[in-house]
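So you can see what is in the structure, the chains are spelled out below.
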Amino acid sequence: MRYVGKIVVLGLTVIALVGGAAGAGHAQLPGLEDPLRTPVRFTGEIGSYGEFYSISGRERRRPSSTGRLFLRSSLELFGSVKVGLDLEYSTESGSGFGLSRSGRQPFNRIGIAPQWSWGRAYAGAFSDRYSPLTWDGIGLRGGGFSITPGPVRAAAFYGRSQSAVAGGAISGAYQRTMAGGKLGFGRTSERGEGAFIDLVFLRAADDMESLGVAAGESDNTIVNEFAVTPQENIVIAAVTRVPFWSDQLVVSGEVAASVHSRDRRAPELTDEALDEYAGLLRSLITPRASTYGDIAHNGKVELRNFALPGATQQSPRSLSASVGYRYIGAGYVSLGLASLPADQQALTADIGVRFRNWNASLRGMQQHDNLLGQKLATTTRNRLAGSAMIRTSPGLSSSLRVSISTLSNDTDDVSRQVDYTSWQIGASQTLSLGPQRLLRTVGLNYGYQQAGDGAPGRADRRLRAHDVSVRGTLQPRRNLTLTPSIGAAVSSNGAADWEIRQTYGFAAHHRVSAKLATSASLSNSRLNSGGSLNGAVSARYQITPLDQVMLALRSYRVSGLETEAGHFHENRVTLNWSRSIR
């Protein structure tokens, strides 16, 4: 059975190649744009990827070899229905290496997504977005649909969001299934989505039997507070968007409530132990000792590209601005989101103007936690950032960036006090000398950063840094481009002496012929007795009008490390092939 998946992949690949060849043949015939003359049209891309990897001086971070096959295609029927097919197979699914090392989720996937004028459906691997507080981007393996017949908006899905992977007490994963849907009323406008209101429901649950009791745990007691546990979660939300003045003014918002059980193995709570817990809610999620609920809501008012007096198509003058609010309760959790920090309340605002030869923007944010007063101190974050760009002549443009960030708390404990402030200032100049010059462009960048903590006992940790770099673009021949660069960063941390880091870089791109293009780059960074050297060489060759292959070699060397070896050397060789299906 382990080879069944590979056989299916190869079979689909052959079908795609045959269909692609047929589609390419039809595409060359004149006048076949009429859907009645071309009832079936198959387009897309098929390809493969191979990689060899080696490293010395430290543990390897990737498998020594990797292979992938992919197919991304679209089958169009009578010009009105499109069926997308997304297929990917990789040897990485059997590897324990990656960002998460152990506990890695399967990589292989097959997804089919038919789409028509008023809806779409999914089967296999898919993802979608309902709202920022419910479901956004988490991939599933299952099925679903989304339809908009007239003013009605309806959608539903069911699938597995993660597979059971034994990876230890803190890096394993239980098998998790998710189901949900939304029902609403709205319409689309000429610019896309118009006014709507949706009611959203989501439920996620881990299979307690899919993974044995993790190390360090008993059946009902969590010994390691960071250990993986089987979770359960439901979320109910209302989402709305109301545009005015042809989408120039947009008001949007969302209100959501969640109930989350961190451990489904925890003891159940009886009705006597609860003040109020509806029977319907109990049928959706069983209340346990690890169950808690909370709310979250957000809102935003946006002014989009409002034309200012005197604006024309040749000389635009526009104003954009927004004000936003976000509240995430300390106990709010949605397992349909990859990440959502809880216990925060924030206000955001930004404003920007754009004229023909210049533009400017200003953005601000204030955020604090401890919404329930459950912590010993409240942490507050502030950020204010501004930028401006001006083009004084057709060949000269300048930009300026300024930002300040603060982080502080109100604790009385001197050892835990934080009063951090960071300033950043940056400026850039770009000079274009013309297409007939050997030296085409010159860019100069400068940045300054000052950061420090004013809390007692931390004043000696202040950081100051200057960074300057120069980059040029030369074109000695029509098919050859050279890009040299040089830079230096001077920094001082606390009472330590100033240190200087030097960086040197060189890149080249050569169009050898209509079919062959090559590129190379080399960069070197030096700091005291240590440094890094990064080099890459690649070549792309157009085998046929539909096929191309690319070979790349990359090498990375670091020295001066405080490790047993004192250095490491990393190499990668990759080979890509792709074919367009027309």
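In this text, all values refer to a predicted model and were calculated from it rather than measured experimentally.

Our next topic: the overall build of the protein chain. A tally of regular secondary structure across the protein chain gives two helices and 26 strands. Residue pairs at least 24 apart in sequence account for 53% of intrachain contacts in the protein chain once pairs closer than 6 positions are excluded. Surface exposure of the protein chain reaches about 33000 Å², of which carbon and sulfur atoms provide 58%.

Ranked by size, the top nonpolar core spans 23 residues in total, and within it Trp135, Phe157, Met178 and Tyr332 carry the most contacts. Those elements that place two or more of their residues in this core are strand 5 (119-126), strand 7 (152-162), strand 9 (192-206) and strand 10 (232-244). Residue contributions to this core peak at four residues, all from strand 9. With residues near it in sequence (within four places) discarded, Met178 still touches Trp135, Ile138, Leu140, Phe157, Tyr158, Gly159, Ser161, Leu202, Arg203, Ala204, Leu335 and Gly336. Core analysis: the second largest hydrophobic core is formed by six residues, Ile46, Leu71, Leu85 and Leu87 among them.

For the coordinates displayed, the defined rule picks out eight aromatic pairs. Relative to Phe568, the ring of Tyr556 has its centre 5.8 Å away and its plane inclined at 70°; by these criteria the two rings are edge-to-face. Taken as a pair, Tyr556 in strand 25 (residues 547-559) and Phe568 in strand 26 (residues 567-581) lie far apart in primary sequence, 12 residues in all. A residue is classified by how much of its surface remains accessible, and Phe568, at 7% relative accessible area, is buried. Here the aromatic cluster, defined as three or more aromatic residues joined through ring pairs, consists of Tyr122, Phe126, Tyr130, Trp135 and Phe157.

Once that is clear, we can look at the pattern of salt bridges. In this structure the tally under the stated criterion is 20 salt bridges. In this structure, Arg62 and Glu51 form a salt bridge, with 2.8 Å as the shortest nitrogen-oxygen distance. Within this pair, whereas Arg62 is found in the loop between strand 1 (40-56) and strand 2 (65-77), its partner Glu51 is found in strand 1, the two being separated by 11 residues in sequence. The partner of Asp547 in a salt bridge is Arg579, with the nearest N and O atoms 2.6 Å apart.

Before going further, it helps to examine the pairing of strand 22 (residues 499-511). In terms of strand pairing, strand 21 (residues 480-493) meets strand 22 through 12 bridges, oriented antiparallel. Paired with Ala488 across the two strands is Gln502, which belongs to strand 22. The turn linking strand 22 back onto strand 23 (residues 516-527) is made up of four residues.

Of the pairings in the sheet, the one linking strand 1 to strand 26 comprises 13 bridges and is antiparallel in character. Residue pairing across strands places Gly47 opposite Ser578, the latter belonging to strand 26. As paired elements, strand 25 and strand 26 share 13 bridges and run antiparallel to each other. Each residue of the ladder has a partner; that of Ser559, found in strand 26, is His567.

Next up on the list: unusual backbone geometry. Phi angles above zero are rare outside glycine, and Trp245 is one such case at about 50°. Inspection of the secondary structure puts Trp245 in the loop between strand 10 and strand 11 (249-261). For Trp245, a relative accessible area of 58% translates into the label exposed. In this model, Asp343 sits at a positive phi of 60°, which is unusual for a non-glycine residue. Summarising the element assignment, Asp343 is placed in the loop between strand 13 (318-328) and strand 14 (344-354). Residue classification places Asp343 among the buried residues on the basis of a relative accessible area of 7%.

All right, on to the confidence of the model for the protein chain then. Overall, the prediction assigns the protein chain a mean pLDDT of 87, with 85% of residues at 70 or greater. In this model residues 1-32 is a low-confidence stretch, pLDDT under 50, and it forms 30 contacts with partners more than four residues away in sequence or in other chains. Taken as a whole, residues 214-222 scores under 50 in pLDDT and shows 18 contacts with residues more than four places along the chain or in a different chain.

Taken together, the side chains of Phe52, Val537, Leu551, Leu553, Val573 and Leu575 define a hydrophobic patch exposed on the protein surface, amounting to about 530 Å² of accessible area. Breaking the nonpolar patch down by element, the ones donating at least two residues are strand 25 and strand 26. Tracing the sequence through the fold places Leu575 in strand 26.

With that settled, the discussion passes to the environment of Ser387. When you line up the elements, Ser387 lands in strand 16 (residues 379-393). Residues Ser387 and Val402, spaced 15 residues apart in sequence, show a C-alpha to C-alpha distance of 6.4 Å. Excluding residues within four positions of it along the chain, Ser387 makes contact with Asn359, Ala360, Ser361, Arg363, Leu400 and Arg401.

Relative to the assigned elements, Thr229 resides in the loop between strand 9 and strand 10. Polar side-chain contacts of Thr229 include one of 2.6 Å to the backbone oxygen of Arg262.

Rules and cut-offs
- Residues numbered from 1 in each chain as written.
- Predicted model: local features only at pLDDT ≥ 70, side-chain atom pairs only at ≥ 80, totals over all residues.
- Heavy atoms only, no water.
- Helix = DSSP H or I, 4+ residues; strand = E, 2+ residues; numbered from the N terminus.
- Contact = heavy atoms within 4.5 Å.
- Areas by Shrake-Rupley, 256 points an atom, 1.4 Å probe, with all protein chains shown as cover.
- Core = buried A, V, L, I, M, F, W, Y, C linked by side-chain atoms within 4.5 Å.
- Buried < 20%, exposed > 50% of the residue type's maximum accessible area, 1.4 Å probe, protein only.
- Phe/Tyr/Trp six-rings, centres within 6.5 Å; stacked < 30°, edge-to-face > 60°.
- Salt bridge = Lys/Arg side-chain N within 4 Å of Asp/Glu carboxyl O.
- Pairing = 2+ DSSP bridges.
- pLDDT = per-residue confidence, 0-100.
- Patch = residues over 30% accessible without salt bridge, like charges linked within 9 Å, V, L, I, M, F, W, Y side chains within 5 Å.
- Polar contact = N/O pair within 3.5 Å; in protein donor to acceptor, adjacent residues only side chain to side chain.

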